[in-house]
Amino acid sequence: MAEAADPEYVDHALLNPGFIERRRYQVQLAETAKRADTLVCLPTGLGKTTVSLLVTADRLSSVGGKALLLAPTKPLVQQHTEFYREALSIPDDEIVTFTGDVKPDDRAALWDDARVVIATPQVVENDLVGNRVSLADVTHVTFDECHRTTGDYAYVYIAERYHADASDPLVTGMSASPGGDEEEILIVCENLGLDEVEVMTESDADVAEYTHDTDVQWEKIELPESIIEIRDALNEVISDRLETLKSLGVSNTSQPDVSQKQLNKMRAQLQRMMDGGNSDAYKGMSVHAEVMKLRRAVELVETQSVEALRRYFERQRNAARSSGASKASQRLVAEPEVREAMRKAESYDDLHPKFRRTRVLLAQTLGIGGGERVIVFTESRDTAEALTEFLSESFDTRRFVGQGDKEGSDGMTQKQQGETLDAFRAGEFEVLVSTSVAEEGLDVPEVDLVLFFEPVPTAIRSIQRKGRTGRQDEGAVVVLMAEDTRDEAYFWISRRKEKQMEEELRSLKGVAADVEAELGGDGQAALSSFEGNGAGGDTNGDSGDAAGDVEGDDGDDADAGSNATAANDGTAAASTGSGSQPGLTDFDAETDDGAGDGASNDGAAGSDAAADDDGGDADGADTDDEGDGDGVVAAAGTSDDVEGTEIVIDQRELDSTIARDLSTREGITTRLETLDVGDYVLSDRVAVERKSVADFLDTLVGGDRSMFEQVRDTARAYARPVVIVEGEDLYGERNVHPNAVRGALSSLAIDFDASVLRTEDEADTTELLEVIARREQETNDREVSAHGEKAAKTLAEQQEYVVSSIADIGPVTSRALLDHFGTVEAVMTAREDDLLEVSGVGEVTAERIREVVGEEYPE
């Protein structure tokens, strides 16, 4: 038998000799990506990152500047950093990592000296909005796992800024599975501004040399009668709740196997009914939330484990006992059939049959078959922990989960994740039990078996997982499927979508020129072109609920209400402006000056990190935690290097599109701070509190007085406090008496001397903020910076605060009590009969005050 020839290596001035093996298909892909903005589609494990590295090395040597590589999770960022430092012949300190673990000021300093920055997109997005970094001299950006580039995901904004700001931009998008159909792939290309598509499949001769067959087996698992009884009890409650929705006219079925697509339609219809003032829709929305919770419970007992169901029930009980619990949670745990299911789950002392089958398959692979490593994937972190404990009795097993902690389950730090993968690669243990955190791009070693504890209902995730095997030798994939359960539905969905994606990739390969012609070379599509597309959404609506508990019930149970009164205290600083009052014509030209260039995209920024269970596992997705340290008050004294108009934005406002939109506008400089008061600071005298209509009305129906406290603090620090109420149908969105709404608006204006302005949506708010900021800074020559401290509360305010905190009685009643009794001490020691003499204090309030003040503290 002839010996294999020694591999050839890529020779380049910026690459360490003998490190990058020369593979023809990688070189071919890199050649295309060097000359044009390119989508690179390559099966998992065949070196997409190497393609990007080859392009980066070429750009740094031929054009200069710096390169930026973006990856969706911290573990991926760390992995890419290690690879680039090993491969590139430039100093390690010029290859830097940006995650939320690195402080913003440190990132700004590191950016200037770096030649390669490897980062999570959320961090770069925040640094761009905060004007900490510039993309002007970035000559190559790589978007790893670029199938995420939809809706409000940070990749979309970064790509738009890059094409606008860079002097010589070049983009490479990388994915093993860019989308389920041609339309999705085109959206990704348009959002990234890509002009060319390069597709390599395992059927290509150059690629086939490095791949091996993967044998996919589907194994049906029969459920025992005891598990079926628990499931049937829960399904009866689902049918009952669907009957209620049917009576409201939003459902045409009471069958418990109703699809997620149908449930989504029900919710949309209920929302329309709520918008139209139908009070029954509030009850319907709460019932809908119950159905979603019950469906998750059924899915757990059918497809995961009774232990996972027990943990889920415990979380629901805790949620129902918590303050502010939704009616959906309370009804759920009080329902007799659900309680009976809980009892059966608690008394169940056997294993889900999938557990035993998993152990058998591992024994066949690692024992009889002489294998070395196995990965077991599961959707639920609860199941991952239970499996790890169970399998550890027979095999050397460790878990691998995301970084987010949840009740009863600790996440893994980035260091722990890295150590676990290193140990797995080194053969220190045999079995890795992982949630979806290991799916995308992580350099998990070649394994002998990939076992799916349940089918994955999307082609993208299934392809990612199967890519863990069959790279260097023949591998196997086994998918466990519980009979007559949602597993079977997800099986068919997965099969259909994978087949569809394979066909689309082959089609793209064959008609790449046509796709490129359709892209038109116009660069990135505007964000507004994709308004309403959720990041990572399931366009077909077939599954939706498999990867996490999509409950969505919080806040849907608003009590019909009311006698809510907008009360307030606070001493607003009176202020007078300088100069004569402007006429209408003074506002003409300013509205068009630099406006309209930014994009508007309603909805909160999405993170698209897959949840393991109950929304609890962020799978290593990064967030930029800039909340350390004390907040600041923005005031006069603009920094010398800021040109044009500056807007200081509270970093918590990044959930909206406003900050991103403002940052793209000509002549506007945005800066992020953790502000003590206000959401936006537009000058040394103008600070803005932004409230959606829903948040504003929640203040009235929920008894939360924080809005008035926020405005009071803003009024003490700024001469011109502004409250923006954003959204439509202020008097009709909730069942709140119009006079309560008018009272709240009056209190803001009169008690706090705040200007109350209305806007239709985030786009309208953005325009208004720009107009005010330009007028203050350009017309009135005022400035902005961040310094100072929030003014201390006066003695009267402190006394009112102490009394108002008793049983949440609020500021108006607290002032009435202090006026009547004279001191805080007298209020605290007053008898119930004396309390009743105070105007506005009834029997319930008096009893609550005495209960809070007089009852012993529970141990």
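Trainee: How would you summarise the overall build of the protein chain if you had to cite specific residues and measurements?
Mentor: Helices and strands together make up the secondary structure of the protein chain, namely 30 helices and 21 strands. Counting the 859 residues in the protein chain, one finds 55% classified as buried. Within the protein chain, contacts between residues separated by at least 24 positions form 77% of all contacts whose residues are at least 6 apart in sequence.

Trainee: Describe in detail a negative patch on the surface, supporting the description with residues and values.
Mentor: The grouping of Glu 832, Asp 833, Glu 837, Glu 843, Glu 847, Glu 851, Glu 855 and Glu 856 at the surface amounts to a negative patch. Of all the secondary structure elements, the ones that give two or more residues to the negative patch are helix 29 (832-835) and helix 30 (843-854). Looking at the negative patch element by element, the count peaks at three residues for helix 30. Of note, Asp 833 is situated in helix 29.

Trainee: Go over the confidence of the model for the protein chain, please, and point to the residues and values.
Mentor: Across the protein chain, pLDDT averages 77, with 75% of residues at or above 70. A low-confidence stretch, residues 623-630 (pLDDT under 50), is modelled with 19 contacts involving residues beyond four sequence positions or located in other chains.

Trainee: For the pattern of salt bridges, give the residues involved together with the corresponding values.
Mentor: In the structure shown here, the tally under the stated rule is 44 salt bridges. For Glu 770, the salt bridge goes to Arg 665, with nearest N and O atoms at 2.6 Å. Of this pair, Glu 770 sits in helix 25 (residues 762-779) while Arg 665 sits in the loop between helix 21 (658-663) and strand 16 (668-673); the two residues are 105 residues apart in sequence, bridging distant segments of the chain. Arg 665 matches Glu 770 in its accessibility class, with the two residues each being buried. Note that Asp 713 and Arg 716 form a salt bridge whose closest N and O atoms lie 2.7 Å from each other. Remark: Arg 716 and Asp 713 occur in helix 23 (residues 706-717); sequence separation between them is three residues, near one turn of the helix. Here Asp 713 and Arg 716 have matching classes, each one buried. One continuous salt-bridge network, built from bridges that share partners, spans Glu 307, Arg 310, Arg 311, Arg 315, Asp 382, Glu 385 and Arg 399.

Trainee: Explain the nonpolar core residue by residue, including any values.
Mentor: Among the nonpolar cores identified, the biggest contains 53 residues, and Leu 68, Leu 70, Phe 143 and Leu 682 are the most heavily contacted of them. Looking at this core, the element that brings in the most residues is helix 6 (residues 154-165), giving six residues. What Phe 143 contacts, discounting residues up to four positions off in sequence, is Leu 70, Tyr 155, Ile 158, Ala 159, Val 171, Thr 172, Gly 173, Met 174 and Leu 192. In terms of nonpolar packing, the next biggest core, distinct from the first, is built from 42 residues, Leu 270, Ala 308, Phe 313 and Ala 345 among them.

Trainee: How would you summarise the packing of aromatic side chains if you had to cite specific residues and measurements?
Mentor: Across all of its chains, the model carries ten aromatic pairs by this definition. Here Phe 143 and Tyr 155 contribute two aromatic rings whose centre-to-centre distance is 5.1 Å and whose plane-to-plane angle is 75 degrees, an arrangement assigned as edge-to-face. Here Phe 143 is found in strand 5 (residues 138-144), whereas its partner Tyr 155 is found in helix 6, with twelve residues between them in sequence. The same class applies to Phe 143 as to Tyr 155, namely buried. Where Phe 355 meets Phe 453, the ring centres are 5.6 Å apart and the plane angle is 85 degrees; that geometry is what we call edge-to-face. Of this pair, Phe 355 sits in helix 15 (residues 353-368) while Phe 453 sits in the loop between strand 12 (449-452) and helix 18 (459-466); the two residues are 98 residues apart in sequence, bridging distant segments of the chain. Taking the relative accessible area as the measure of exposure, Phe 355 reaches 2% and is therefore buried. Taken together, the ring pairs connect Phe 19, Phe 83 and Tyr 84 into an aromatic cluster. Directly above the ring of Phe 453 sits Lys 354, whose terminal nitrogen or CZ lies 5.2 Å from the centroid.

Trainee: Help me get a handle on the packing of helix 13 (residues 327-334) against helix 14 (residues 336-347), residues and values and all.
Mentor: Contact pair helix 13 / helix 14: the axes reach a minimum separation of 5 Å and the direction vectors enclose 65 degrees. Note on element contacts: helix 14 touches helix 13 through Pro 336, Val 338, Arg 339 and Met 342, opposite Leu 332, Val 333 and Ala 334. Class assignment for the residues of the contact of helix 13 with helix 14 results in six nonpolar, no polar and one charged.

Trainee: Give a description of the sheet that holds strand 15 (residues 645-650) that names residues and reports values.
Mentor: Strands sit in the order 16-15-17-18-19-20 across an open sheet of six strands; the sheet is mixed. The sheet is open, and its two borders are formed by strand 16 and strand 20 (755-759), each paired with just one other strand. Looking at chain direction, strand 17 (residues 680-681) and strand 18 (residues 686-692) are connected through two bridges and run antiparallel. Bridging across to strand 18, Tyr 680 finds its partner in Val 688.

Trainee: Tell me about the pairing of strand 3 (residues 95-98), residues and numbers included.
Mentor: Working note: regular strand, side chains alternate between the two faces of the sheet. Burial along strand 3 is two-sided: the face carrying Ile 95 and Thr 97 and the face carrying Val 96 and Phe 98 are both buried. Two elements, strand 3 and strand 4 (residues 116-119), share four bridges in a ladder whose sense is parallel. Directly across from Ile 95, in strand 4, lies its bridge partner Val 116. After leaving strand 3, the chain enters helix 4 (residues 104-113) and then returns to the sheet as strand 4, a path that is right-handed.

Trainee: Before we move on, could you go through helix 30 and cite the residues and values that matter?
Mentor: Over its twelve residues, helix 30 extends 16 Å from the first C-alpha to the last, a length consistent with the 16 Å expected when each residue adds 1.5 Å. Those residues of helix 30 lying buried are Thr 845, Ala 846 and Ile 849. Taken down its axis, helix 30 places every buried residue within 100 degrees of arc, on the same side. Structural note: helix 30 exposes Glu 843 and Val 844 on the side pointing more than 90 degrees away from its buried face.

Trainee: Residue-level account of the side chain of Glu 762, with values.
Mentor: Within the element layout of this structure, Glu 762 appears in helix 25. Looking at Glu 762, its side chain comes within polar contact range of the side chain of Thr 657, at 2.6 Å.

Trainee: Describe the sheet that holds strand 3, naming the residues involved and giving the relevant values.
Mentor: The strand order 3-4-2-5-6-1-7 describes an open sheet built from seven strands, whose pairing is parallel. Of all the strands in the sheet, just strand 3 and strand 7 (196-199) have a single pairing partner and so form its edges. Put simply, the sheet's adjacent strands are angled 15 degrees from each other on average, direction ignored. Where strand 2 (residues 66-70) lies against strand 5, five bridges are found, and the strand directions are parallel. Following the sheet pairing, Ala 67 is matched in strand 5 by His 140.

Trainee: Quick rundown of the environment of Glu 243? Include the residues and the values.
Mentor: With respect to the element layout, Glu 243 can be found in helix 9 (residues 225-247). Remark: the alpha-carbon pair of Glu 243 and Thr 253, spanning ten residues in sequence, is separated by 7.5 Å. Of note is the side chain of Glu 243, whose polar atom sits 3.2 Å from the side chain of Ser 254.

Conventions we followed
- Residues numbered from 1 in each chain as written.
- Predicted model: local features only at pLDDT ≥ 70, side-chain atom pairs only at ≥ 80, totals over all residues.
- Heavy atoms only, no water.
- Helix = DSSP H or I, 4+ residues; strand = E, 2+ residues; numbered from the N terminus.
- Buried < 20%, exposed > 50% of the residue type's maximum accessible area, 1.4 Å probe, protein only.
- Contact = heavy atoms within 4.5 Å.
- Patch = residues over 30% accessible without salt bridge, like charges linked within 9 Å, V, L, I, M, F, W, Y side chains within 5 Å.
- Areas by Shrake-Rupley, 256 points an atom, 1.4 Å probe, with all protein chains shown as cover.
- Salt bridge = Lys/Arg side-chain N within 4 Å of Asp/Glu carboxyl O.
- Lys, Arg positive; Asp, Glu negative; His and termini not counted.
- Charge placed at Lys NZ, Arg CZ, Asp CG, Glu CD.
- pLDDT = per-residue confidence, 0-100.
- Core = buried A, V, L, I, M, F, W, Y, C linked by side-chain atoms within 4.5 Å.
- Phe/Tyr/Trp six-rings, centres within 6.5 Å; stacked < 30°, edge-to-face > 60°.
- Lys NZ or Arg CZ within 6 Å of the ring centre and 35° of its normal.
- Axes fitted to C-alpha atoms, helices over the stretch in contact; angles between N-to-C directions.
- Nonpolar A, V, L, I, M, F, W, Y, C, P; charged D, E, K, R; others polar.
- Pairing = 2+ DSSP bridges.
- Right-handed = clockwise from strand over helix to strand, strands pointing away.
- Expected span 1.5 Å × (residues − 1).
- Arc of directions from axis to C-beta.
- Polar contact = N/O pair within 3.5 Å; in protein donor to acceptor, adjacent residues only side chain to side chain.

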